[in-house]
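# Per-entry structural report
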Amino acid sequence: MSEAVKKLTITEIECRGLRSADFLTNNDVYVVFKVGTKKAKTRYISGGGKNVKFRDVVELNVSDADLDAGIDFTAYDYDVGPDPDDLLGVGKLTRLGELKKTPGTPRQYDTHLMYKGKHRGDATCIVTLTYPSGGEPQKPQPSSLGAVGGQIFNQAMGGQQPQPASADFMTVACPANARGGSQVIVQAPDGTRLQVVIPAGVQPGQQFRVPLPKPQVVVQPQVVAQPQVVAQPQVVAQPQVVAQPQVPRPATVPVAVGTAVDVNGDGRADYYVPHQPSAPPARPPRAVGTAVDVDGDGRADYYVHHHQQPPAYAPPPAYGPPAYGAPPPAYAHAPPAYGHGQPPPQYGQPPPQYGQPPPQYGQPPPQYGAPPPRYY
């Protein structure tokens, strides 16, 4: 009896913790699946780095021996040029024979990636086993004729057992130009075109069954009406205003700023004549010496120290012109006529010298430019 063709579909391929093959750039990762002489690979991801996830779908036609041997999982770094691609790590998918128990059911497989005997990352993928040619093993159906009656019925039918009708399969006759193992395109009852492989041992004109794809049932989501929540108005408490007791202000006492003047006689002051505030008593100057003003700016530049209080001098007398007002003297005789070259006569006496010259107070100022005297 020939072996049914099996197909492995590998999806959700992911690599984690890969080594860095390039010094300056990230890895351009792709994965190769190999079993015996059969292999398939993904497209490379440019700049994928150490952690990559592929969206590719990889398919492999395998046999029972391939499932028992396992599939090699190899990750490479794609390089442009004649140099071979860098190896990143090698792993293996094992125990694939368990997929035959549940065909069509996806199952996750994990493997460690090794490089030169060291662990250099991990890999994960989803594997699904299917029978594309409809050669999925069928469970034996109990015969209603019993063991002996069934054997007699099979002999009468020439060894051919009637196939039970099923909505999941359709019967197809092998074309004249095809043989077992050939791929042909058939049309399902709903108009779908299917590519199938003719089971091994089927000759032209013989019939074989083709599995029909299961219709996808689209479940419409039910919209659950959410209850409307009516917001209740919130009552905001108004703050209570506490009346503050009023404190009477003291009466303002008018401040006398001057002498009040009532111009229009209405008994109210129209304006005030300000009075000069009394000046504070003058502070007697501290006798520190005789002030000397060198640069003439009106301020003492330094003081000539004295050991005793200088004597108090009387103020200088008031100098000024005499009080004139007497008429000029009347001359009895007319002035004589002076001849040519004679000086005129001198009338009267020279004006008197009024007062005495002012006394010299204190010592004369020091000579400018000389150093000040030293006082001890």
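Before reading on, note that the structure itself is shown above.
As a convention, each chain's residues are numbered from 1 in the sequence order in which they are written. Local features in this predicted model are restricted to residues whose pLDDT is 70 or higher, and side-chain atom pairs enter the listing and the counts only when it is 80 or higher, whereas totals over whole chains, interfaces and linings include all residues. The side-chain numbers reported here are obtained from all heavy atoms of the structure, hydrogens and water having been left aside.

## Notes on the packing of aromatic side chains
For any pair of aromatic rings, geometry is given as the distance between the ring centres together with the angle between the planes. For Phe, Tyr and Trp, rings pair up if their centres lie within 6.5 Å, where Trp contributes its six-membered ring, and each pair is then called stacked (planes under 30 degrees apart), edge-to-face (over 60) or tilted (otherwise). Counting across every chain of the model gives 3 aromatic pairs. Between Tyr-30 and Tyr-76, the aromatic rings sit 5.5 Å apart at their centres with planes inclined by 20°, giving stacked as the arrangement. Taken together, the residues span a long stretch of sequence, with Tyr-30 in strand β2 (residues 29-35) and Tyr-76 in strand β6 (residues 71-77) at a distance of 46 residues. Here Tyr-44 and Tyr-78 contribute two aromatic rings whose centre-to-centre distance is 4.3 Å and whose plane-to-plane angle is 15°, an arrangement assigned as stacked. Secondary structure counts use DSSP, requiring at least four H or I residues in a row for a helix and at least two E residues in a row for a strand, with both numbered from the N terminus.

## What to know about the pattern of salt bridges
One side-chain nitrogen of Lys or Arg within 4 Å of one carboxyl oxygen of Asp or Glu is enough to make a salt bridge. A complete count under the given rule lists 10 salt bridges for this structure. Note that Asp-64 is salt-bridged to Lys-6, the shortest N-O span being 2.7 Å. Residue Asp-64 is located in helix α1 (residues 64-69), and its partner Lys-6 is located in strand β1 (residues 6-16); the two are separated by 58 residues in the primary sequence. You can call Asp-64 partly exposed: its relative accessible area is 24%. Look at the salt bridges and you will find they share partners, linking Lys-6, Asp-64 and Lys-100 into a network. The classification of residues rests on relative accessible area computed with a 1.4 Å probe and restricted to protein chains. Under 20% of the type maximum is buried, over 50% is exposed, and intermediate values are partly exposed.

## A few points about unusual backbone geometry
Phi at Glu-12 is positive, roughly 50°, even though this residue is not glycine. Mapped onto the secondary structure, Glu-12 falls in strand β1. Despite not being glycine, Arg-95 has its phi angle at roughly 60°, a positive value. Mapping Arg-95 onto the fold places it in the loop between β7 (86-93) and β8 (107-115).

## Quick word on the nonpolar core
Grouping buried Ala, Val, Leu, Ile, Met, Phe, Trp, Tyr and Cys residues that are joined through side-chain atoms within 4.5 Å yields what is termed a nonpolar core. Counting 29 residues, the largest nonpolar core has Leu-8, Ile-13 and Phe-33 as the members making the most contacts within it. Those elements that provide at least two residues to this core are β1, β2, β5 (58-62), β6, β7, β8 and β9 (118-130). Setting aside residues no more than four positions away along its own chain, Ile-13 makes contact with Val-31, Phe-33, Thr-42, Val-52, Lys-53, Phe-54, Asp-56, Val-58, Phe-73, Thr-124 and Cys-125. Grouped together as the second largest cluster of nonpolar side chains are 14 residues, Val-172, Val-184, Val-202 and Leu-212 included. Residues count as neighbours in contact if any of their non-hydrogen atoms are within 4.5 Å of one another.

## Quick word on the side chain of Asp-77
Topologically, Asp-77 is positioned in strand β6. We note that Asp-77 is buried and unpaired, the nearest opposite charge coming from Arg-19 at a distance of 7.3 Å. Not counting chain neighbours up to four residues away, the residues in contact with Asp-77 comprise Ala-21, Asp-22, Asn-27, Asp-28, Tyr-30, Asp-85, Asp-86 and Leu-88. Under this rule, positive means Lys or Arg and negative means Asp or Glu; His and the chain ends count for nothing.

## Brief notes about the environment of Glu-59
With respect to the secondary-structure elements, Glu-59 resides in strand β5. Here Glu-59 falls in the partly exposed class, since its relative accessible area comes to 46%. Apart from residues lying up to four places away in sequence, Glu-59 is in contact with Lys-7, Leu-8, Thr-9 and Ala-40.

As far as function goes, none of this settles anything; it's purely spatial.
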